[in-house]
Each structure stands twice: as C-alpha cells, then as structure tokens.
Amino acid sequence: MALLDIIRPGNVTMPEYYKQRTEQEMSRRIGEIKRAYGTDLFIPGHHYQKDEVIRFADTTGDSLQLAQVAAGNQKAKYIVFCGVHFMAETTDMLTHDRQMVVLPDMRAGCSMADMANLTQMHRAWNSLVSQFGDNIIPLTYVNSTADIKAFVGQHEGATVTSSNAKKVLAWALSKKARVLFLPDQHLGRNTAFDLGIPLTDMAVWDPEQEALLTQRTPDEIKIILWKGHCSVHEKFTVQNIRDIHVRDTNFRIIVHPECSRDVVAASDLAGSTKYIIDTIASSPSGSKWAIGTEMNLVNRLIRQHPDKHIVSLNPDMCPCLTMNRIDMPHLLWALERIEQDDPVGVIRVDPCITRYALLALNRMLNIV
C-alpha cells in the first residue's frame with residue numbers, strides 16, 4: 001500500500017496554530033491526555049524518532065518489534081504509532097479489529113518502501129518467471145508496503161528483518177534455486193554474501209527499466225536484487241571510513257547492513273539497529289565508535305554513553321526526513337483529535353491484503 005493510497009479525504013492537514021504552541025504547553029497537554037486515557041492509549045516510538053517525540057513513547061524499538069509489542073497489548077483502544085506508514089500498516093495487521101492505529105502525520109513515509117509498488121511487482125514477477133520458470137521465491141524486507149508483503153505471502157515467500165535475514169534467506173534457498181529479494185538491494189547483497197554466495201551470482205532487477213541488469217546466464221544467477229535502497233544508509237561511503245581513520249585509527253566502525261557492500265566490507269562490524277545499540281552498550285568505557293546509521297539514533301547513543309567517544313560515520317548526515325515528519329505538534333494534534341472523538345491518520349489495511357501479508361510475516365516468525 002503506497003503512501004498516496006492511504007491518504008484519504010478525511011485525513012486533513014494539521015492546523016497551523018499547532019506550530020505556534022510552545023514546547024511547554026504541548027508537553028503539558030500530551031501528558032494530560034496520556035494520563036486521562038491511561039491503558040486505553042499506547043504510543044510506540046521507533047528508534048529513529050526525534051527526542052521530542054520519543055520522550056512520550058511507552059516503548060521504543062525497531063518496526064517489527066514495536067508492531068509485535070502493540071499486538072500483545074490487548075488493553076489499548078488507540079495505538080498512536082510514532083514511525084512511518086509501513087510500520088503502522090504492520091501494526092494494524094497484527095492488532096485486533098477493535099483497536100485503532102493512528103499515524104500522527106500521514107506524510108511520514110519511507111522512500112525505500114515506496115521503491116517497490118504492486119504494479120512494478122506484478123511486472124517484475126511475470127518477467128522473472130518467464131526467464132526462470134517457477135524455481136524462484138520472493139522475500140521482502142519488513143520495510144515494505146502491506147500489498148508487497150501480501151504478494152510475497154501469496155507466492156510462498158516470507159518477510160525478513162535485518163536481524164534474521166540470513167536465516168530466512170537460507171530457508172528460501174532450501175525451497176527454490178533462486179530468490180528475488182526486495183526492496184533493499186544492499187541488505188539482500190550483504191546477506192547473500194555473508195551466506196557465501198559470490199557477487200557474480202547476483203543480479204539487479206531495475207523496476208524502472210523492467211530489466212534484469214546482468215551479463216550472466218539465468219542458470220548462473222541465484223539472487224535477484226530489487227534496485228531499491230535506504231536514502232539514509234546509502235549515503236555512508238568508504239571515504240567516510242578513511243576520513244575517520246585519518247583522524248584516529250582507534251575508532252571502530254559499525255554500520256547497518258542497509259549500507260552498500262563496499263562500506264560493510266570496510267567496516268569492523270555490521271548489524272541491525274538492535275545489534276548496534278547492544279554493541280555500543282556492552283563496549284568498554286573509553287572505546288571509540290563511528291556509527292553508520294540514522295542520526296537521531298546516533299545522537300541518542302552519544303548522550304546515553306558519555307563514557308565512550310561516539311561519532312557519526314558521516315558528519316554531514318541528516319536525520320531520516322520522512323521519519324522526522326512525526327514531531328511534537330503532530331503527536332499532540334493526533335491525540336487531541338482522539339480526545340475529540342474525531343481521529344485523523346487512521347491506518348486500516350484491507351482484510352484481503354492483511355490475510356496474505358500475515359502469511360509472509362508468520363512464515364518468517366516460524367523460521368526464526
């Protein structure tokens with residue numbers, strides 16, 4: 001489900017006067033509403049959210065973790081998800097119909113998820129099946145739209161996270177001779193490489209050209225990578241690593257596997273957001289780290305670990321722009337509209353899409 005598909009006439013734009021309210025006033029009002037609703041209100045916050053939002057979160061985590069925690073919360077009538085739209089979609093699919101999932105700003109999308117839409121997926125699949133027959137299975141990163149997850153579920157595939165991608169990819173290769181991995185080519189490439197698959201056995205599917213970019217014969221290809229990427233993680237470069245080491249060779253480099261293959265290869269460690277957080281937390285006092293991931297999280301880790309020297313791998317990096325659309329004014333607006341019994345930003349995934357998307361999600365959970 002693309003971002004435009006979930007923006008409906010009833011989802012109005014936040015009034016301008018919210019931007020004129022003071023931080024103190026907004027903080028007071030959010031606190032009042034949270035106290036008034038008690039357990040009827042649950043606010044999950046993604047690790048990449050701004051501090052002004054994360055301070056009000058009832059729990060923090062990555063996208064699937066938050067959706068699963070929300071699904072386990074049977075008391076909340078309203079789940080105000082501070083993240084981006086594909087995360088709120090997953091939360092809606094995993095929670096009960098009597099629970100309402102709200103995204104404070106419907107413009108909070110994900111550029112990576114929007115790099116694969118259902119029309120492109122149908123065309124890609126038809127072309128690839130014509131080339132490879134039925135000996136291919138799709139895997140989609142959880143950072144994808146609900147209808148992409150549903151397509152994958154219908155075609156025997158599964159979702160993956162950055163934490164479990166190796167296990168799920170190994171499972172997929174035990175089922176079929178080759179895998180279509182979408183929408184992030186870098187996570188797919190890094191995962192396949194870690195499983196011992198040569199780069200030469202991988203090809204890229206370009207959804208714009210509707211073409212497989214390779215010089216290899218079909219029999220030589222094991223992994224087909226969708227030409228998509230994270231707009232944040234793709235900005236980290238090998239030159240950034242060189243620049244850090246020019247300053248101080250004692251810095252260890254840790255990056256997210258959504259970074260390009262050459263950056264991951266040049267780093268000391270690579271892993272999911274949770275892996276990065278846990279690694280920094282368990283590292284010795286005085287250790288030096290350059291982190292290649294979203295800037296809000298890096299800044300939070302710097303504040304949480306003053307005994308360690310932590311910097312962003314790219315000093316010019318900006319926070320995720322779409323994630324940052326969720327701010328204190330939008331959070332307050334969403335809560336006040338709930339209070340007025342006229343909620344905005346309500347996320348409802350079609351039951352048919354939900355049915356097949358959950359097949360993909362549950363296959364993953366059964367594998368790991």
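Given the structure is predicted, the values throughout are model-derived calculations rather than measurements. (Residues numbered from 1 in each chain as written. Predicted model: local features only at pLDDT ≥ 70, side-chain atom pairs only at ≥ 80, totals over all residues. Heavy atoms only, no water.)

**Focus on the confidence of the model for the protein**
For step 1, the next point in the chain: In this model, the protein carries an average pLDDT of 94, and 97% of its residues clear a pLDDT of 70 or more.
For step 2, the next point in the chain: Across residues 1-10, where pLDDT falls below 50, the model places 24 contacts with residues more than four positions away in sequence or in other chains. (pLDDT = per-residue confidence, 0-100. Contact = heavy atoms within 4.5 Å.)

**Focus on the sheet that holds strand S11 (residues 223-226)**
For step 1, the next point in the chain: Sheet architecture is open: six strands sit in the order S7-S6-S8-S11-S9-S10, paired in mixed fashion. The open sheet has two free edges, formed respectively by strand S7 (158-160) and strand S10 (211-213), since each of these has just one partner strand. Strand-to-strand, the axes of this sheet are offset by a mean angle of 30 degrees, without reference to chain direction.
For step 2, the next point in the chain: Here strand S9 (residues 202-206) runs beside S11; their pairing, made up of four bridges, is parallel. Its bridge partner being in S11, Ala203 is matched across the sheet by Ile224.
For step 3, the next point in the chain: Lying over the sheet, helix H7 (residues 165-175) contacts strand S6 (136-141), S7, strand S8 (178-182) and S11, oriented at roughly 165 degrees with respect to S6. (Pairing = 2+ DSSP bridges. Helix = DSSP H or I, 4+ residues; strand = E, 2+ residues; numbered from the N terminus. Axes fitted to C-alpha atoms, helices over the stretch in contact; angles between N-to-C directions.)

**Regarding the environment of Asn143**
For step 1, the next point in the chain: By the element assignment, Asn143 lies in the loop between S6 and helix H6 (146-154).
For step 2, the next point in the chain: For Asn143, a relative accessible area of 12% gives the class buried.
For step 3, the next point in the chain: It is 19 Å that separates the C-alpha atoms of Asn143 and Asn366, two residues lying 223 residues apart in sequence.
For step 4, the next point in the chain: Discounting chain neighbours no more than four positions away, the residues touching Asn143 are Ser63, Phe86, Met112, Ala113, Pro183 and Glu258. (Buried < 20%, exposed > 50% of the residue type's maximum accessible area, 1.4 Å probe, protein only.)

**Observations regarding the UniProt feature "binding site: [4Fe-4S] cluster" (unreviewed entry) in the protein**
For step 1, the next point in the chain: Under the UniProt annotation, the feature "binding site: [4Fe-4S] cluster" (unreviewed entry) is placed at Cys110, Cys230 and Cys320. Look at the named residues: they lie 211 residues apart in sequence, but the longest C-alpha span between them is just 9.6 Å, so in the fold they bunch up.
For step 2, the next point in the chain: Among the residues examined, Cys230 registers a relative accessible area of 11% and is labelled buried.
For step 3, the next point in the chain: With respect to the element layout, Cys320 can be found in the loop between strand S15 (309-312) and helix H13 (328-339). (UniProt positions renumbered as here; feature names shortened; annotations may be inferred.)

**Examining the pairing of strand S14 (residues 288-292)**
For step 1, the next point in the chain: With four of five residues buried, S14 lies mostly within the body of the structure.
For step 2, the next point in the chain: With four bridges connecting them, strand S12 (residues 252-255) and S14 associate as parallel partners. Residue pairing across strands places Ile253 opposite Ala290, the latter belonging to S14.
For step 3, the next point in the chain: In this sheet, S15 lies alongside S14 in parallel orientation, the contact comprising four bridges. Opposite Trp289, over in S15, you have Ile310 as the bridge partner.
For step 4, the next point in the chain: For the crossover from S14 across helix H12 (residues 295-304) to S15, the handedness is right-handed. (Right-handed = clockwise from strand over helix to strand, strands pointing away.)

**Focus on the packing of H7 against helix H14 (residues 351-367)**
For step 1, the next point in the chain: The N-to-C vectors of H7 and H14 enclose an angle of 100 degrees; their axes lie 10 Å apart at closest approach. One finds that H7 runs roughly perpendicular with respect to H14. Where H7 abuts H14, its residues Lys167, Val168 and Trp171 lie against Arg363, Met364 and Ile367. (Parallel < 35°, antiparallel > 145°, perpendicular 65-115°, else oblique.)

**Some words on the side chain of Gln185**
For step 1, the next point in the chain: Looking at where Gln185 falls in the secondary structure, it is placed in helix H8 (residues 185-194).
For step 2, the next point in the chain: On the basis of relative accessibility, which here comes to 11%, the residue Gln185 falls in the buried class.
For step 3, the next point in the chain: Excluding its chain neighbours within four sequence positions, the residues that come into contact with Gln185 are Val204, Leu225, Trp226, Lys227 and Gly228.

**Quick look at the UniProt feature "binding site: iminosuccinate" (unreviewed entry) in the protein**
For step 1, the next point in the chain: Taken from the UniProt record, the annotation "binding site: iminosuccinate" (unreviewed entry) applies to His46, Ser63, Tyr141, Val142, Asn143, Ser162, His256, Pro257, Glu258 and Thr273.
For step 2, the next point in the chain: Within the fold, Ser162 resides in the loop between S7 and H7.
For step 3, the next point in the chain: Residues within four places of Ser162 in sequence aside, it is in contact with Tyr141, Leu187, His256, Pro257, Ser272 and Thr273.
For step 4, the next point in the chain: Here Pro257 lies in the loop between S12 and helix H10 (261-266).
For step 5, the next point in the chain: Among all residues touching Pro257, those that are not within four sequence positions of it are Ser162, His186, Leu187, Asn190, Val264, Gly271 and Ser272.

**Structural notes on the pairing of S9**
The side chains of a regular strand alternate, first on one face of the sheet and then on the other.
For step 1, the next point in the chain: Burial runs high along S9: five of the five residues are buried.
For step 2, the next point in the chain: Burial along S9 is two-sided: Met202, Val204 and Asp206 and Ala203 and Trp205, pointing in opposite directions, are all buried.
For step 3, the next point in the chain: One ladder, built from three bridges, connects S9 with S10; its direction is antiparallel. Across the sheet, the residue bridging to Asp206 is Ala211, located in S10.
For step 4, the next point in the chain: Hairpin connection between S9 and S10: a loop of four residues separates the two successive antiparallel strands, and Glu210 in this loop has a positive phi of roughly 55 degrees.

**A closer look at the state of the cysteines**
For step 1, the next point in the chain: Throughout the structure, instances matching the rule amount to zero disulfides.
For step 2, the next point in the chain: No disulfide involves Cys110; its sulfur sits 6.9 Å from that of Cys230, the nearest cysteine.
For step 3, the next point in the chain: Under the relative-accessibility criterion, Cys110 is labelled buried at 12%.
For step 4, the next point in the chain: Among the cysteines around Cys230, which has no disulfide bond, Cys320 carries the closest sulfur, lying 6.6 Å off. (Disulfide = S-S within 2.5 Å.)

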